Amino acid sequence: MTFKTTFTMAAMASTLAIGAAATAQTAPATPAQTAPMAGAPSAAATTNPTVGGAAMDATKTIAVNASAAPNLSTLVAAVKAAGLATTLSGPGPFTVFAPTNDAFTRLAPGTVDTLMKPANKATLAKVLTYHVVPGTITLADLQQKATAGGGKAVLTTVEGEPLTVEITNGAVQLTDVNGNKSYVETPDVRQSNGVVHVVNGVVLPKLN
């Protein structure tokens, strides 16, 4: 069996695995609807959410803050393996939907290790940039876009393929081009070069 065939099978398995996990997933226990709409006053406006218990410094970059969050260590390792750390340290701005370590464990066994191999650097970068949207898009922006779109909005990722956003029972739901779903757990983690929304699932572009 060739390496290409092996990787294609792994990619397909990961898609199916996320789809199965998404069926069982529920929105976060403390959904994102607690955040205010645009223009609404909030005491949270002067603070930044913690991520994995770690403080997030809004004057630092996405790459620096992600490295400080213990529950984003798999993402950080993947970003380094894909050669994207410099990009996420740049001026941006970027909106990043950042999967937690638990989110990566929902992929098919061995998928993360396969993607981390140097030979698969381009595919890993494709997966990661599918989690990035140009500009700074806050939770309020996502809510407004979804409302204006009749309940859903379509974002164009840096990878180039669309990512659909819906507000489900107040929680922000992401649906990828394969139909897999993920939910925002921690929104509006401000960065010097954009904003991060921590999510509980990995979304995938078309890999074949």
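Scroll up to find the structure this text is about.
Keep in mind that this is a model prediction, so the values were computed, not measured.

## Re the pairing of strand β4 (residues 162–168)
And then number 1: With five bridges joining them, strand β3 (residues 152–156) and β4 adopt antiparallel strand pairing. Note on β4: the bridge partner recorded for leucine 155 is leucine 163.
And then number 2: Taking the residues between adjacent antiparallel strands as the criterion, β3 and β4 are bridged by five residues, where glycine 160 takes a positive phi near 115 degrees.
And then number 3: When β4 meets strand β5 (residues 171–175), the two strands line up antiparallel, connected through five bridges. The residue of β5 that forms the bridge with isoleucine 167 is valine 172.
And then number 4: As consecutive antiparallel partners, β4 and β5 are separated by two residues, and within that stretch asparagine 169 has a phi angle of approximately 50 degrees, a positive value.

## A word on the sheet that holds strand β7 (residues 194–199)
And then number 1: Read across the open sheet, the seven strands follow the order β2-β1-β7-β6-β5-β4-β3; overall the sheet is mixed. In the strand order of this sheet, the two ends are held by β2 (132–134) and β3, each with one partner. Strand-to-strand twist across the sheet, computed as the mean angle between neighbouring axes with direction ignored, equals 30 degrees.
And then number 2: Taken together, the three bridges between strand β1 (residues 94–99) and β2 define a ladder with antiparallel strand orientation.

The rules behind these values
- Residues numbered from 1 in each chain as written.
- Predicted model: local features only at pLDDT ≥ 70, side-chain atom pairs only at ≥ 80, totals over all residues.
- Heavy atoms only, no water.
- Pairing = 2+ DSSP bridges.
- Helix = DSSP H or I, 4+ residues; strand = E, 2+ residues; numbered from the N terminus.
- Axes fitted to C-alpha atoms, helices over the stretch in contact; angles between N-to-C directions.

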